[in-house]
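Residue-level structural notes
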Amino acid sequence: IKRSVATRDESSRMDLLEQVELFNALSEQQLLNISTAARREVYEMGDVVFRQGDVGDCFYIVESGDVSVRVDGSEVAKLSRGDFFGERALMNNEPRAATVAAATDTSCLVLNRKTFVSMLGSIE
């Protein structure tokens, strides 16, 4: 039974990754590598994922729930399943441009800088 749950979870992750616009140019094998490398982080409503001005060290894909994106305290976007954030800080080596917080209970797939750059460094 554990194996079928793992297979279902892997399939769900692959479905999610195939929805991510940034990954359109990647092969199925590359998506599988990302799926394997990504870790899941869970946030409760109101939890801050990162703050504007923080050093960027991870890339996030919303797996479930919603996050609020705020610049200088004003909401500029709400993101949900399949949406991603945190790429600018990694691709451009700049501080976080916004504060992101969980608007609902949320889970995200997360890639650290090293994995993101090694798998996606050439995508722009």
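What counts and what doesn't
Residues numbered from 1 in each chain as written. Predicted model: local features only at pLDDT ≥ 70, side-chain atom pairs only at ≥ 80, totals over all residues. Heavy atoms only, no water. Helix = DSSP H or I, 4+ residues; strand = E, 2+ residues; numbered from the N terminus. Areas by Shrake-Rupley, 256 points an atom, 1.4 Å probe, with all protein chains shown as cover. Core = buried A, V, L, I, M, F, W, Y, C linked by side-chain atoms within 4.5 Å. Buried < 20%, exposed > 50% of the residue type's maximum accessible area, 1.4 Å probe, protein only. Contact = heavy atoms within 4.5 Å. pLDDT = per-residue confidence, 0-100. Pairing = 2+ DSSP bridges. Axes fitted to C-alpha atoms, helices over the stretch in contact; angles between N-to-C directions.

Another aspect to go through is the overall build of the protein chain. Counting secondary structure elements, the protein chain contains four helices and eight strands. On the protein chain, roughly 7,200 Å² of surface is accessible, and the fraction owed to carbon and sulfur atoms is 47%.

Bringing the nonpolar core into the picture now. Counting residues in hydrophobic clusters, the biggest one holds 17 residues, and the most contacted among them are Leu17, Phe23, Ile34, Phe59 and Ile61. When contributions to this core are tallied by element, the ones reaching two or more residues are helix H1 (2–19), helix H2 (28–37), strand S3 (58–64), strand S8 (106–112) and helix H4 (113–120). It is H1 that provides the largest number of residues to this core, a total of three residues. In this structure Leu17 touches Phe23, Leu31, Ile34, Ser35, Ile61 and Leu109, once residues within four positions along its chain are discounted. Tyr43, Cys58, Leu79 and Val110 belong to the second largest nonpolar core, which has 15 residues in total.

For the rest of this paragraph, the subject is the confidence of the model for the protein chain. Averaged over every residue, the pLDDT of the protein chain is 87; the share at 70 or more is 90%. Across residues 1–7 the pLDDT falls below 50, and counting only partners more than four positions away or on other chains, this stretch makes zero contacts in the model.

With that settled, consider the sheet that holds strand S4 (residues 67–71). Reading across the sheet, the four strands line up as S2-S7-S4-S5 and stay open at both edges, with antiparallel pairing between neighbours. Only two strands of the sheet have a single neighbouring strand rather than two, namely strand S2 (48–50) and strand S5 (74–79). Averaged over all pairs of adjacent strands, the angle between strand axes in this sheet comes to 30 degrees, irrespective of strand direction. Note: S4 against S5, five bridges, orientation antiparallel. If you follow Arg70 over to S5, its bridge partner there is Glu75.

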